[in-house]
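Breakdown of the fold
Each chain, written out:
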Amino acid sequence: MGRCRHLGWSTVSAERVAAILESLRERGERITTARRALVAALDGADDHRSADELATEVARLHPEIHRATIYRTLETLRRLEVVEHTHLGHGPAVYHLADQVHQHLVCEDCGAVTEVPPAAFRSLERALKRDYGFTVKSRHFAVVGVCQACSEAAVQDPPTAASPTEPQENSPGGRGLAAHRRATGPLVQS
Ligand SMILES: [Zn+2]
Ligand SMILES: [Zn+2]
Ligand SMILES: [Zn+2]
């Protein structure tokens, strides 16, 4: 639960990291230990992680890198468009590598995060541009809803009139992010 269901990215991890670093080098950027470590940490993650979680992971593997340097490097990689952040719910922004562009669907019932290609939103984006002159930045925030498994479970086992209503803390995205972050737990342990 909470793990990203990826689109079946086929790139081998080591190759992916090497390609990203090579593209930086071609742009005349230096490849520092912190930059390399952050790209590798983001590539190795099954889940997206917050800046704090990434800093903890990189600092564990590279105690010589100052934590402030890691945060600064993450911001630099964002500016260089190597890294993107997104908001899955109420918690802190989470990060992913920008080479495989995707949008996130978060289930508000079970917290599952599904990655979908941006083409899934293209007709909506076109319509909003055409009708309202509005340019949607759809990848900045996740779309919240109910996943297929939870929808099917709800049909098979409809809530009775006696069942309590959902407490307010289960507002859209809240549990999604909690579950997402819970799944990252083992990655930051030694
Ligand atoms: Zn943001
Ligand atoms: Zn993502
Ligand atoms: Zn669900």
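Quantities reported herein were computed from a predicted structural model and do not represent experimental measurements. (Residues numbered from 1 in each chain as written. Chains lettered and ligands numbered in written order. Predicted model: local features only at pLDDT ≥ 70, side-chain atom pairs only at ≥ 80, totals over all residues.)

Right, let's talk about helix α5 (residues 122–132) for a bit. An α-helix turns once per 3.6 residues; consequently, residues spaced three or four apart project the same way. Where burial is concerned, little of α5 is hidden: zero out of the 11 residues are buried. Just downstream of α5 lies G133, where phi reads positive at about 65°. (Buried ≥ 20, exposed ≤ 12 C-beta atoms within 10 Å, placed from the backbone. Helix = DSSP H or I, 4+ residues; strand = E, 2+ residues; numbered from the N terminus.)

Moving on, we get to the confidence of the model for the chain. Taken as a whole, the chain shows an average pLDDT of 81; of its residues, 76% reach a score of 70 or greater. Residue range residues 167–190 is modelled with pLDDT below 50. Its contacts to residues more than four positions away, or to other chains, number 51 contacts. (pLDDT = per-residue confidence, 0-100. Contact = placed C-beta atoms within 7 Å.)

Here we take up the packing of helix α2 (residues 33–44) against helix α3 (residues 51–61). The interhelical angle for the contact between α2 and α3, taken along N-to-C directions, is 120°, at an axis separation of 10 Å. Taken together, the axis directions place α2 and α3 in an arrangement best described as oblique. Considering only the axes of α2 and α3, their crossing is right-handed. Residue-level contacts link A37, L38 and A41 of α2 to L54, E57, V58 and L61 of α3. A breakdown of the residues in the contact of α2 with α3 according to their chemical character gives six nonpolar, no polar and one charged. (Axes fitted to C-alpha atoms, helices over the stretch in contact; angles between N-to-C directions. Parallel < 35°, antiparallel > 145°, perpendicular 65-115°, else oblique. Left-handed = near helix turned anticlockwise from the far one by under 90°. Nonpolar A, V, L, I, M, F, W, Y, C, P; charged D, E, K, R; others polar.)

With that out of the way, let us pick up the packing of α2 against helix α4 (residues 67–79). For any two helices packed against each other, the geometry comes down to the angle between their axes and how far apart the axes lie. Between α2 and α4, the least distance of the axes is 9 Å, while the angle of their chain directions is 75°. With respect to their mutual orientation, α2 and α4 come out roughly perpendicular. Across the interface between the two elements, A34, R35 and L38 of α2 pack against T69, I70, T73, L74 and L77 of α4. Tallied by class, residues from the contact of α2 with α4 come to five nonpolar, two polar and one charged.

The subject of this paragraph is unusual backbone geometry. The backbone phi angle of E81 is positive, close to 60°, even though this residue is not glycine. In this fold, E81 is placed in the loop between α4 and β2 (83–86). A tally of 9 C-beta atoms within 10 Å means that E81 is categorised as exposed.

Bringing the pairing of strand β4 (residues 103–107) into the picture now. Summarising the sheet, β4 and strand β5 (residues 113–116) pair through four bridges and their orientation is antiparallel. By the bridge assignment, L105 is partnered in β5 with T114. Connecting the antiparallel pair β4 and β5 is a turn made up of five residues, with G111 showing a positive phi of about 85°. Across three bridges, the pairing between β4 and strand β6 (residues 143–145) is parallel. By the bridge assignment, L105 is partnered in β6 with V143. (Pairing = 2+ DSSP bridges.)

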